[in-house]
Amino acid sequence: MARIGFIGVGNMGGPMAANLIKAGHTVTAFDLSATAVDAAVSAGCSRADSAAACAKGQDIVITMLPAGPHVRAVYGAKGEQGSVIDSVDPGTLLIDCSTIDVASARTVAGNAEACGLEMVEAPVTGGVPGAVAGTLTMIVGGPAAAFEKAKPYLEIVGGKVVHCGEAGAGQAVKICNNMMLAINMIGVAEGMSLIRGLGIDPSVLAEVSTAGSGNSWALTNYNPEPGLTEGAPANNGYKPGFAGAMMAKDLGLAVGAGVETGVPLALGSAAAQMFQLYCAGGMAGDDMSGIIRMLKSK
Ligand code: NAD
């Protein structure tokens, strides 16, 4: 069984760490939020007081942090006191599961490689329900040898593990996935709002479209209309879940990549603006499916 340091035990990292414990591994948790660490300790993790203490003496370090700046700061580089890369033992495998920009992923992977450390990025899709159930899809980028070492652990937290290519490839696939999710979610939210506006129960549209051509993951597994999907954040006042701020961040990454590559993203850009409005409206911390509240007429 492996010794695992887990840094960032929030909405996603918390249940992922709990699944590694259930599989028999020894997990030490660190997070800037004491509440998040308390919850991880209740699930069977040990507590670390810093990222460096969490990383030292482990076979594997896993991170699940908000965005690129957090990941760059936590991993750091050789000689940066308190950073993960400076604190781990030789031979420790590094796995970053956060969704971040491709450039940050490549920078951190390069800093790890410069110290002789193996690293993969493994952003995830499947939401908090997938993290709890251990059925996430793991979207991996990094060298093939590091991927093979990480795979058995990624299979504990995920139902499907895909090696997309070298460092940065996993993040590239992830931001495209989330752009499609955001567009789908807004589509489902508009459909649910329109059917209600037409005086028909949204559950009827859900029943027809889940079996029809309007189907999507957002509709089947994550309906923004309360009461239509078991376990969906909509049933709990849109908390907890995939925060609107996180979706706005991912859409910003996608739109930036579209500008860089010259690929037109008409709906991706519109979705980015809608999620900016969602956050500006005070809902940055609510699940992204709560965007339906901006679309309801009655
Ligand atoms: P979260 O805010 O619930 O968790 C992130 C945790 O990181 C927080 O507990 C925070 O305190 C901690 N943190 C921040 N900076 C830190 C630091 N320097 N050291 C230690 N801990 C630090 O967010 P989340 O929903 O768990 O998302 C985490 C990542 O997963 C994001 O990159 C997000 O885009 C991605 N993601 C989330 C979902 C989802 O449904 N929530 C789905 C797929 C991917």
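The sections below set out a description of the structure shown in this document. (Residues numbered from 1 in each chain as written. Predicted model: local features only at pLDDT ≥ 70, side-chain atom pairs only at ≥ 80, totals over all residues. Heavy atoms only, no water.)

We now examine the overall build of the protein. Scanning the protein from N- to C-terminus turns up 13 helices and nine strands. A compact globule built from 298 residues would reach a C-alpha radius of gyration of about 19 Å, and the protein, at 19 Å, matches this within 12%. The principal-axis extents of the C-alpha atoms in the protein amount to approximately 65 × 45 × 35 Å. Put simply, the protein has 298 residues, and 49% of those count as buried. Considering only residue pairs separated by 6 or more positions, the protein has 61% of its internal contacts joining residues 24 or more positions apart. Total accessible area on the protein is roughly 12,900 Å²; 58% of this is exposed by carbon and sulfur atoms. A distance of 3 Å separates the average location of the 17 positive side-chain charges in the protein from that of its 24 negative side-chain charges. (Helix = DSSP H or I, 4+ residues; strand = E, 2+ residues; numbered from the N terminus. Rg over C-alpha atoms; globule rule 2.2 N^0.38 Å. Buried < 20%, exposed > 50% of the residue type's maximum accessible area, 1.4 Å probe, protein only. Contact = heavy atoms within 4.5 Å. Areas by Shrake-Rupley, 256 points an atom, 1.4 Å probe, with all protein chains shown as cover. Lys, Arg positive; Asp, Glu negative; His and termini not counted. Charge placed at Lys NZ, Arg CZ, Asp CG, Glu CD.)

Core analysis: the largest hydrophobic core is formed by 34 residues, its most contacted members being Phe6, Met16, Ile95, Cys97 and Met138. The dominant element in this core, judged by the number of residues it contributes, is helix H8 (residues 144–157), at five residues. The contacts of Phe6, once residues within four sequence positions are left out, are Gly13, Met16, Ala17, Leu20, Val27, Thr28, Ala29, Phe30, Cys54, Ile62 and Met64. Core analysis: the second largest hydrophobic core is formed by 28 residues, Phe275, Met283, Met288 and Ile292 among them. (Core = buried A, V, L, I, M, F, W, Y, C linked by side-chain atoms within 4.5 Å.)

The topology assignment puts Thr125 in strand E7 (residues 124–125). A relative accessible area of 22% places Thr125 in the partly exposed class. The contacts of Thr125, once residues within four sequence positions are left out, are Leu136, Thr137, Ile139, Lys174 and Asn177. A distance of 3.3 Å separates a polar atom in the side chain of Thr125 from a polar atom in the side chain of Asn177. (Polar contact = N/O pair within 3.5 Å; in protein donor to acceptor, adjacent residues only side chain to side chain.)

This next bit is on the side chain of Ser209. Tracing the backbone shows Ser209 in helix H10 (residues 202–210). When near neighbours in sequence (up to four residues on either side) are disregarded, Ser209 contacts Gly214, Asn215 and Leu219.

The next thing to look at is the packing of helix H12 (residues 244–261) against helix H13 (residues 266–283). The geometry of a pair of packed helices is captured by two quantities: the angle between their axes and the separation between those axes. Closest axis-to-axis distance for the H12/H13 pair is 9 Å, and the angle between their directions is 150°. Taken together, the axes of H12 and H13 lie roughly antiparallel to each other. Between H12 and H13 lies a crossing of left-handed hand. Note on element contacts: H13 touches H12 through Gly268, Ser269, Ala271, Ala272, Phe275, Tyr278, Cys279 and Met283, opposite Gly244, Ala245, Met247, Ala248, Leu251 and Val255. Across the contact of H12 with H13, the residue classes tally to eleven nonpolar, three polar and no charged. (Axes fitted to C-alpha atoms, helices over the stretch in contact; angles between N-to-C directions. Parallel < 35°, antiparallel > 145°, perpendicular 65-115°, else oblique. Left-handed = near helix turned anticlockwise from the far one by under 90°. Nonpolar A, V, L, I, M, F, W, Y, C, P; charged D, E, K, R; others polar.)

In this section: the site of the ligand. Near the ligand, the surroundings consist of 24 residues, among which Asn11, Met12, Asp31, Leu65 and Pro66 are the closest. Taking 820 Å² as the accessible area of the ligand by itself, protein coverage stands at 87%. Broken down by secondary-structure element, the contributors of at least two residues to the shell around the ligand are helix H4 (68–75), helix H7 (127–133) and H12. Looking at the shell around the ligand residue by residue, the classes come out as twelve nonpolar, nine polar and three charged. Inspection of the shell around the ligand shows a minimum of three residues originating in each of domain 1 (3–166) and domain 2 (172–294). (Near = heavy atom within 4 Å. Domains from an automatic or database assignment.)

With respect to the secondary-structure elements, His163 resides in strand E9 (residues 158–165). A relative accessible area of 31% means that His163 is categorised as partly exposed. Residues in contact with His163, not counting those within four places in the same chain, are Val140, Gly142, Pro143, Ala144 and Phe147. Polar side-chain contacts of His163 include one of 2.7 Å to the backbone oxygen of Gly142. Among the polar contacts made by the side chain of His163, one reaches the main-chain carbonyl oxygen of Gly165 at a distance of 3.1 Å.

Our next topic: helix H6 (residues 102–114). The first and last C-alpha atoms of H6 sit 18 Å apart over 13 residues, in line with the 18 Å expected at 1.5 Å per residue. Where H6 is concerned, the buried positions are Ser104, Ala105, Val108, Ala109 and Ala112. Viewed along the axis of H6, the buried residues span an arc of 130°, placing them on a single side of the element. Residues Glu113 and Ala114 are exposed on H6 and point more than 90 degrees away from its buried face. Residues of H6 that are buried make contact with H4, helix H5 (84–87), strand E5 (93–96), strand E6 (119–121) and helix H9 (169–197). Downstream of H6 by one or two residues, Gly116 has phi in the positive range, about 75°. (Expected span 1.5 Å × (residues − 1). Arc of directions from axis to C-beta.)

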